[in-house]
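Understanding the architecture of this molecule
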Amino acid sequence: MVKRFSPLNIILGLILVSFASTSVSATDLDETTRTIPLDSTGTTVILTPEQVKRGKRLFNASCGQCHVGGGTKTNPNLGLEPDALSLATPARDNINALVDYMKNPTSYDGLEDIAELHPSIKSADIFP
């Protein structure tokens, strides 16, 4: 059975695979690189080259302005590498955690709601 992923899941999955190489096309990424964590239990999914391609396009259009090259414009000490995302509270190193973050964004320590500062589903009226 093929599991379908929403564009949001694809874009967030792309964050997790984007650090293999910024100049590689989706078709050049091997299956190991396209295998990403789905949840905190260790379940993984394999993105298709088409999903990676669409995710890259969505990331560049929606996130690329502030997250150029995987960095974070508002805090250059924090990046989008899986290791950095795993240290956030709550951890943001899998698709489900990133989807939760896009619904309810919080500061890196998890203490402050930042929906008015960061594009999210919660702030879609502010960041269309």
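Below or above, wherever it landed, is the structure these notes cover.

Reading guide: rules and limits
Residues numbered from 1 in each chain as written. Predicted model: local features only at pLDDT ≥ 70, side-chain atom pairs only at ≥ 80, totals over all residues. Heavy atoms only, no water. Helix = DSSP H or I, 4+ residues; strand = E, 2+ residues; numbered from the N terminus. Buried < 20%, exposed > 50% of the residue type's maximum accessible area, 1.4 Å probe, protein only. Contact = heavy atoms within 4.5 Å. Areas by Shrake-Rupley, 256 points an atom, 1.4 Å probe, with all protein chains shown as cover. Salt bridge = Lys/Arg side-chain N within 4 Å of Asp/Glu carboxyl O. Polar contact = N/O pair within 3.5 Å; in protein donor to acceptor, adjacent residues only side chain to side chain.

This part covers the overall build of the protein chain. Counting secondary structure elements, the protein chain contains 4 helices and 2 strands. Reading the helices (α) and strands (β) of the protein chain from amino to carboxyl end gives α-β-β-α-α-α. Per-residue burial for the protein chain yields a buried fraction of 38% across its 128 residues. For the protein chain, long-range pairs separated by at least 24 residues make up 40% of all intrachain contacts whose partners lie at least 6 apart in sequence. Carbon and sulfur atoms form 56% of the exposed surface of the protein chain, whose accessible area is close to 7,900 Å².

Let us now look at the pattern of salt bridges. Enumeration according to the criterion identifies 1 salt bridge in this entry. Among the salt bridges present, the one from D113 reaches K122, with a minimum N-O distance of 2.5 Å. Classification of K122 by relative accessible area gives partly exposed; the value is 45%.

Looking at the secondary structure, you find H67 in the loop between helix 2 (49-62) and helix 3 (82-86). Among all residues touching H67, those that are not within four sequence positions of it are F59, T72, L80 and H118.

With that settled, consider the environment of R92. Its location among the elements puts R92 in the loop between helix 3 and helix 4 (95-103). Judged by relative accessible area, which is 7%, R92 ranks as buried. Ignoring anything within four residues of it in the chain, the contact list for R92 reads L85, A97, L98, Y101, T106, S107 and Y108. In terms of polar contacts, R92 uses its side chain to reach the backbone carbonyl oxygen of S107, at 2.9 Å.

Right, let's get into the environment of L47. Structurally, the position occupied by L47 is in the loop between strand 2 (44-46) and helix 2. On the basis of relative accessible area, L47 is assigned to the buried category, the value being 0%. For the pair formed by L47 and T32, sequence separation is 15 residues and the distance between their alpha carbons is 9.9 Å.

Just distances and angles here, no functional claims.
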